[in-house]
Amino acid sequence: MWLPIRIDEQRPEPLYYQIEVQLRGLILGGQLQEGTALPSIRELAVSLKCSAITIRRVYQDLEHEGLIRTRQGAGTFVARVESPDLDRHRLSRTAEELERAVEAGLALHCSIEEIEALFRDIVRTKSTERRGESHDD
């Protein structure tokens, strides 16, 4: 199975983190439904040109979160995620990413007002982009 995951070795985030965030997004966003078989650790590592250890960590983290499950001899599958859990995961991950962005801005000596203005601008831009994408379908 092919997964639309892209890794960028130029980004400061570790590869496992980039893969984990994207795979979590595919699950929580509904692109990967309950019961969907995921590639084996080795298959995904080969397709993404990274270490099997990296993929093992991603799968372990997502299994710990209850988003995937591994059945001995059968493979790894997307787990059932109830609606309240889905909302909790979605909001929790969003908050984590926002915290990282705010920390980066503060480390660069941006004011709270500058960060808030940037946030509003980015939300408007992304919202406009998404509306444009939905009309293209």
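The structure presented is a predicted model; accordingly, all values stated were derived computationally and were not measured.

Caption draft 1: Local environment of the packing of aromatic side chains. Enumeration according to the criterion identifies 0 aromatic pairs in this entry. Here the guanidinium or amino end of Arg57 rests over the ring plane of Tyr16, the centre of that ring lying 3.5 Å away. The ring of Phe77 has Arg71 lying over it, and the distance from NZ or CZ to the ring centre is 4.3 Å.

Caption draft 2: Structural detail: the pattern of salt bridges. Scanning the model with the defined rule gives 8 salt bridges in all. In this structure, Arg57 engages Asp61 in a salt bridge whose closest nitrogen and oxygen atoms are separated by 4.0 Å. Remark: Asp61 and Arg57 occur in helix 3 (residues 52-64); sequence separation between them is 4 residues, near one turn of the helix. Residue classification places Arg57 among the partly exposed residues on the basis of a relative accessible area of 39%. With its nearest N and O atoms 3.0 Å apart, the salt bridge here joins Arg124 to Asp121.

Caption draft 3: Geometry of the sheet that holds strand 3 (residues 75-78). The strand order 1-3-2 describes an open sheet built from 3 strands, whose pairing is antiparallel. Two strands in the sheet have a free side with no partner beyond their single neighbour: strand 1 (37-38) and strand 2 (68-71). Relative to strand 3, strand 1 runs antiparallel, the two being bridged by 2 bridges. Within strand 3, the residue paired with Leu38 across the bridge is Thr76. Along the sheet face, helix 3 touches strand 1, strand 2 and strand 3 and points at about 110° away from the line of strand 2.

Caption draft 4: Fine view of the side chain of Arg24. Tracing the backbone through its elements, the reader meets Arg24 in helix 1 (residues 15-28). For Arg24, a relative accessible area of 7% corresponds to the buried category. Within the structure, the side chain of Arg24 is placed 2.7 Å from the side chain of Glu20, a separation counted as a polar contact. If near-sequence neighbours (up to four positions away) are discounted, Arg24 is found in contact with Leu62, Glu65, Leu67 and Arg93.

How each quantity is defined
- Residues numbered from 1 in each chain as written.
- Predicted model: local features only at pLDDT ≥ 70, side-chain atom pairs only at ≥ 80, totals over all residues.
- Heavy atoms only, no water.
- Phe/Tyr/Trp six-rings, centres within 6.5 Å; stacked < 30°, edge-to-face > 60°.
- Lys NZ or Arg CZ within 6 Å of the ring centre and 35° of its normal.
- Salt bridge = Lys/Arg side-chain N within 4 Å of Asp/Glu carboxyl O.
- Helix = DSSP H or I, 4+ residues; strand = E, 2+ residues; numbered from the N terminus.
- Buried < 20%, exposed > 50% of the residue type's maximum accessible area, 1.4 Å probe, protein only.
- Pairing = 2+ DSSP bridges.
- Contact = heavy atoms within 4.5 Å.
- Axes fitted to C-alpha atoms, helices over the stretch in contact; angles between N-to-C directions.
- Polar contact = N/O pair within 3.5 Å; in protein donor to acceptor, adjacent residues only side chain to side chain.

In short, geometric facts, not functional conclusions.
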